[in-house]
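# Descriptive analysis of the structure
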Amino acid sequence: FLQEINQIQQSLFCFDESIHVRTALHGADSPNVAEVEYSKGVALLFQGDFEAASNCLTRALTIRQKHLGPMDGAVGDTLNTIGFLQLRMGNISGQEALDPLTEALEIRRAI
């Protein structure tokens, strides 16, 4: 959607500012920071910047697993998005996509 309205660069600036503010208020490994890292990662994924998206999503996953636990719905959402990212990157025959998607499904079934 942001690409369609030509606002992706402005949104990335806003994500970065939000990460900066939330880090100052809550610390770098806060779930508040993870929320924005996740959103930024999704925006980057749809922009096609897969490496940057992977970095954001991995940071979000690490923080969420640490603070919310391995079976939280937000962890499952992040794993699902990481799996989707791997598929978009063309990793359709290996474990790069299957493992996070399988783990996300297990979390969904458990909650």
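Up top is the structure these notes are about.
Presented here is a report on the structure given in the accompanying data block.

Opposite charge on two side chains lets them pair, provided their charged atoms get close. Tallied over the full model, the rule gives 5 salt bridges. For Asp16, the salt bridge goes to Lys40, with nearest N and O atoms at 2.4 Å. With Asp16 in helix α1 (residues 8–26) and Lys40 in helix α2 (residues 31–47), this residue pair connects regions lying 24 residues apart in the sequence. The class for Asp16 is partly exposed, based on a relative accessible area of 37%. Between Lys66 and Asp29 there is a salt bridge whose closest N-O contact spans 2.5 Å.

One pair of aromatic rings is described through two measures. These are the centre distance and the angle between the planes. Applying the stated criterion to the full structure yields 1 aromatic pair. Taking the centre distance of 6.0 Å and the plane angle of 35° together, the rings of Phe46 and Phe84 count as tilted. Of this pair, Phe46 sits in helix α2 while Phe84 sits in helix α4 (residues 73–88), placing them 38 residues apart in sequence. On the basis of relative accessibility, which here comes to 45%, the residue Phe46 falls in the partly exposed class. According to the relative accessible area criterion, Phe84 is partly exposed, its value standing at 34%. The ring of Tyr38 has Arg64 sitting right over it, with the charged end atom 4.8 Å from the ring centre.

Each value, and the rule that gives it
Residues numbered from 1 in each chain as written. Predicted model: local features only at pLDDT ≥ 70, side-chain atom pairs only at ≥ 80, totals over all residues. Heavy atoms only, no water. Salt bridge = Lys/Arg side-chain N within 4 Å of Asp/Glu carboxyl O. Helix = DSSP H or I, 4+ residues; strand = E, 2+ residues; numbered from the N terminus. Buried < 20%, exposed > 50% of the residue type's maximum accessible area, 1.4 Å probe, protein only. Phe/Tyr/Trp six-rings, centres within 6.5 Å; stacked < 30°, edge-to-face > 60°. Lys NZ or Arg CZ within 6 Å of the ring centre and 35° of its normal.

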